[in-house]
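These are the residues of each chain, in order.
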Amino acid sequence: MSRITDLQKNLFGGTTSNARQFGMISTLVAIVLLFQIWTDGLTLTSGNLIAVVSQYSYILILAIGMLMVIVAGHIDLSVGSVAAFTGIVVAKTMHEYSLPWPLGILLGLLVGAAIGAWQGFWVAYIGIPAFIVTLAGMLLFRGGNQYIGNADTVPVPEGFRQIGAGFLPEAGPDTGYNNLTLLLGVAACAGVVWREWKARQTRREMNADVAPLWVMGIRLAVMLVVIIFTTLRFAGGRIGTSVPISGIILIVLVLAYSYYTRNTIGGRHIYAVGGNARAAELSGVKLKRVNFFVMMNMSVLAALAGMIFVARSAASGPQDGLSWELDAIAAVFIGGAAVSGGLGTVSGSIVGGLVMALLNNGLQLEGVGSDMVQIIKGLVLLLAVAFDVYNKSQGRFSLLGALTRPFRRDDDPATPKSPPSPSSDADKTKVAG
């Protein structure tokens with residue numbers, strides 16, 4: 001029994017990674033297996049997996065930025081419009097003024113930063129709620145997209161299209177696989193092994209509890225099998241396709257933002273502000289600076305996502321970015337972020353985004369209409385949160401309740417714990433006498 005307990009407790013990384021923490025991973029695996037059977041094996045083919053990454057990478061990029069916004073206690077409804085506005089500005093500039101595409105990418109990031117600074121100013125320094133500011137931004141930049149583009153599509157040059165429609169190139173001897181993708185997989189395996197060993201050594205130096213070596217071996221084996229399988233799928237696609245360039249961009253962003261949110265002072269300040277803004281400010285956190293940063297960062301990532309989408313579509317149009325903010329928000333909440341802020345992870349948001357992406361992809365493979373796809377996705381999001389709320393109300397395990405428990409205060413009005421006063425004890429003694 002102790003071995004089973006150790007395995008459940010430590011399989012995915014210690015006491016905070018038991019069954020309560022990888023529930024979404026289980027859901028993702030269940031969806032993959034369901035559609036793999038339902039579609040007669042089409043879900044896990046090389047072509048389909050490559051298409052999923054290529055089609056939904058921009059939503060996953062948005063989810064990274066949206067996570068930080070939600071963790072800080074805000075919401076951003078403008079990301080789709082910001083992406084569309086940036087896309088049309090960059091496309092127009094390259095098409096009509098022959099701006100080189102590398103400078104076009106830089107221009108797009110600067111446009112996103114300017115928009116983020118605009119919205120961040122109203123939120124952080126004027127004090128208008130982000131919901132209102134970004135709702136105004138959604139209307140403003142959607143109108144800007146249609147005004148600049150005259151509701152027409154604007155093509156983009158071939159070089160620019162590579163960030164959205166390009167793949168890792170073929171290189172080296174003919175192995176039957178894309179060699180650069182194989183090298184990427186080898187690097188990922190080495191990185192996972194190094195990270196596990198480093199984490200184990202760090203816990204030993206801190207005299208913290210260390211998982212049994214055999215548990216670490218099983219955990220590593222599971223992760224390596226997943227990485228190797230995924231690598232072979234992406235490397236074994238038809239000639240000319242492999243890991244999309246947009247997927248490489250996504251991987252870099254996931255690694256960078258995971259490190260930032262978990263290992264830097266700035267990242268921890270975002271969680272502190274979302275957990276209790278007043279206490280964070282009293283402890284020295286620059287509240288306005290944090291709020292300004294998360295809003296500006298979101299717009300920069302929205303601009304990047306918009307350019308990737310335009311590059312993949314080969315043109316910018318008036319319908320770009322519609323409902324992207326809803327998909328990004330859904331990915332973050334399905335990935336385990338708390339509605340009240342202060343909790344959530346980059347990896348969890350990516351898993352939540354993959355749940356929505358594979359659900360959408362599987363339904364499309366089965367020929368389900370777009371109307372039913374939207375209905376099913378909405379029901380999945382609603383039921384995921386409703387099930388958690390119901391369990392909490394019944395006194396059963398609640399994912400959101402478990403995640404928010406460490407941030408509850410003893411003086412929370414919902415759970416008063418005031419001790420009886422001495423006078424009330426004396427009164428009770430009189431009554432008893």
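Refer to the preceding data block for the structure.
This section reports on the structure supplied with the text. (Residues numbered from 1 in each chain as written. Predicted model: local features only at pLDDT ≥ 70, side-chain atom pairs only at ≥ 80, totals over all residues. Heavy atoms only, no water.)

1. Overview of the overall build of the chain
- The secondary structure content of the chain amounts to 18 helices and two strands.
- Taken across its 433 residues, the chain has 44% of its residues classed as buried.
- Put simply, 76% of the contacts in the chain that link residues at least 6 apart link residues at least 24 apart.
- Approximately 22,500 Å² of the chain is accessible, and the part contributed by carbon and sulfur atoms is 66%. (Helix = DSSP H or I, 4+ residues; strand = E, 2+ residues; numbered from the N terminus. Buried < 20%, exposed > 50% of the residue type's maximum accessible area, 1.4 Å probe, protein only. Contact = heavy atoms within 4.5 Å. Areas by Shrake-Rupley, 256 points an atom, 1.4 Å probe, with all protein chains shown as cover.)

2. Concerning the packing of helix α8 (residues 179-205) against helix α9 (residues 213-235)
- Relative orientation of the contacting elements α8 and α9 amounts to 165°, with a least axis distance of 9 Å. Our classification of the angle between α8 and α9 gives roughly antiparallel. Judged by the sense of rotation from one axis to the other, the crossing of α8 with α9 is right-handed. In contact with Thr 181, Leu 182, Gly 185, Ala 188, Cys 189, Val 192, Val 193, Glu 196, Trp 197 and Arg 200 of α8, α9 contributes Leu 213, Met 216, Arg 219, Leu 220, Met 223, Leu 224, Ile 227, Ile 228, Thr 231, Leu 232, Phe 234 and Ala 235. (Axes fitted to C-alpha atoms, helices over the stretch in contact; angles between N-to-C directions. Parallel < 35°, antiparallel > 145°, perpendicular 65-115°, else oblique. Left-handed = near helix turned anticlockwise from the far one by under 90°.)

3. Some words on α9
- In a regular helix each residue adds 1.5 Å, so 23 residues correspond to 33 Å; α9 covers 32 Å between its end C-alpha atoms and thus fits that length.
- Buried within α9 we find Val 215, Met 216, Arg 219, Leu 220, Ile 227, Thr 231, Phe 234 and Ala 235. (Expected span 1.5 Å × (residues − 1).)

4. Considerations on the packing of aromatic side chains
- Here the structure, examined in full by the defined rule, presents 10 aromatic pairs.
- When the ring of Trp 118 is compared with that of Trp 122, the centres are 5.6 Å apart and the planes differ by 75°; the resulting orientation is edge-to-face. Of this pair, Trp 118 and Trp 122 both sit in helix α5 (residues 101-126), four residues apart, roughly one helical turn.
- Note on Trp 122: relative accessible area 28%, which makes it partly exposed.
- An angle of 75° between the planes, with centres 5.7 Å apart, marks the rings of Phe 121 and Trp 122 as edge-to-face. (Phe/Tyr/Trp six-rings, centres within 6.5 Å; stacked < 30°, edge-to-face > 60°.)

5. Describing the side chain of Thr 231
- Position of Thr 231 relative to the elements: it lies in helix α9.
- Contacts of Thr 231, omitting those with residues within four sequence positions, involve Thr 181, Leu 182 and Gly 185.

6. Focus on the packing of helix α14 (residues 324-334) against helix α15 (residues 346-365)
- Following both chains from N to C, one finds α14 and α15 inclined at 120°, their axes separated by 7 Å at the closest point. With respect to α15, the element α14 is oriented oblique. For the crossing formed where α14 meets α15, the hand is right-handed. Across the interface between the two elements, Ala 330, Ala 331, Val 332 and Ile 334 from α14 touch Gly 348, Ser 349, Gly 352, Gly 353 and Met 356 from α15.
- In terms of residue class, the contact of α14 with α15 is built from five nonpolar, four polar and no charged. (Nonpolar A, V, L, I, M, F, W, Y, C, P; charged D, E, K, R; others polar.)

7. Topic: unusual backbone geometry
- In this structure, Ala 151 takes a positive phi of about 60° despite not being glycine.
- Looking at where Ala 151 falls in the secondary structure, it is placed in the loop between α6 (130-149) and β1 (154-155).
- Taking the relative accessible area as the measure of exposure, Ala 151 reaches 48% and is therefore partly exposed.
- Phi at Ser 323 is positive, roughly 65°, even though this residue is not glycine.
- Position of Ser 323 among the secondary structure elements: in the loop between β2 (315-316) and α14.

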